[in-house]
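Descriptive structure summary
Below are the chains, spelled out letter by letter.
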Amino acid sequence: MVWKRTIMAKALEKAGHASIKVENSVVFVANVDGKLIGMDAVCSHARCILGEFDKNTLTVKCPCHHAVFDLNTGKMLEPPYVAPDAPKEKLGLKLIPVRENNGWIEVDVE
């Protein structure tokens, strides 16, 4: 694992979630009751940056075409409204290890 320091843990705690540029990618990170969860933040449909987080369902919605992803698995739960027949099973997103270290949020970039 190769950990990359990103934002301060206090900033994430206050915001609850963030899409963070890490090297050549963007990672969606959420703090859910003290548990850190990370997932690729670039929608697999039209490459938009995810950001509409629902803490109750632990899902993230793409603001462009409303595809919905499960934050625990990365699976697409709802296809984009412009592509209702999209193969959801092939359009999931990669989960990414995230941790807090000395007051910073770190993301595994490997």
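Let me begin by describing the structure that accompanies this report. It should be emphasised that the depicted structure is a prediction, and the values quoted were computed from it without experimental measurement.

Here we look at the pairing of strand β4 (residues 35–40)
Judged from the six bridges that link them, strand β3 (residues 25–32) and β4 form a sheet pairing that is antiparallel. Each bridged residue has a counterpart across the sheet, and for valine 29 the counterpart in β4 is glycine 38. Where β3 folds back onto β4 in an antiparallel hairpin, the turn is made up of two residues, including aspartate 33, whose phi is positive at roughly 55°.

Brief notes about the layout of surface pockets
In this approach, a probe sized like a water molecule rolls over the atoms, and the result shows the empty space that is left. Approximately 220 Å³ is the volume found for the largest pocket. For the lining of the largest pocket, the elements supplying multiple residues, two or more each, are β3 and β10 (104–108). For the lining of the largest pocket, the element with the most residues is β3, which contributes three residues. For the lining of the largest pocket, the residue count by class is eight nonpolar, two polar and six charged.

As for the sheet that holds strand β1 (residues 3–8)
Strand order in the open sheet made by the three strands is β1-β10-β9, with antiparallel pairing throughout. With one partner strand each, in any of the chains shown, β1 and β9 (98–101) form the two edges of the open sheet. The sheet shows a mean angle of 35° between the axes of neighbouring strands, direction not considered. As defined by bridge partners, β9 adjoins β10 across four bridges and the pair is classed as antiparallel. Across the sheet, glutamate 100 pairs through a bridge with isoleucine 105, a residue of β10.

What about the sheet that holds strand β5 (residues 52–54)?
Pairing is antiparallel in the open sheet, where four strands are placed in the order β5-β6-β7-β8. Unpaired on one side and paired on the other, β5 and β8 (76–78) mark the two borders of the sheet. Mean inter-strand twist for the sheet, computed between neighbouring axes without regard to direction, equals 30°. Pairing geometry for strand β7 (residues 68–70) and β8, over two bridges, is antiparallel. Across the sheet, residue valine 68 finds its bridge partner in β8, namely glutamate 78.

Some details on the environment of valine 42
Structurally, valine 42 can be placed in the loop between β4 and β5. Judged by relative accessible area, which is 11%, valine 42 ranks as buried. Once the C-alpha coordinates of valine 42 and aspartate 54 are considered, the two residues, twelve residues apart in sequence, prove to be 17 Å apart. In contact with valine 42, other than residues within four places in its own chain, are Val26, Arg47, Cys48, Ile49 and Leu93.

Criteria and cut-off values
- Residues numbered from 1 in each chain as written.
- Predicted model: local features only at pLDDT ≥ 70, side-chain atom pairs only at ≥ 80, totals over all residues.
- Heavy atoms only, no water.
- Pairing = 2+ DSSP bridges.
- Helix = DSSP H or I, 4+ residues; strand = E, 2+ residues; numbered from the N terminus.
- 1 Å grid on protein atoms, 1.4 Å probe; cavity = no way out; pocket = protein on both sides within 12 Å on 5 of 7 lines; lining within 4 Å.
- Points joined across faces, edges and corners; volume = space filled by probe spheres on them.
- Nonpolar A, V, L, I, M, F, W, Y, C, P; charged D, E, K, R; others polar.
- Axes fitted to C-alpha atoms, helices over the stretch in contact; angles between N-to-C directions.
- Buried < 20%, exposed > 50% of the residue type's maximum accessible area, 1.4 Å probe, protein only.
- Contact = heavy atoms within 4.5 Å.

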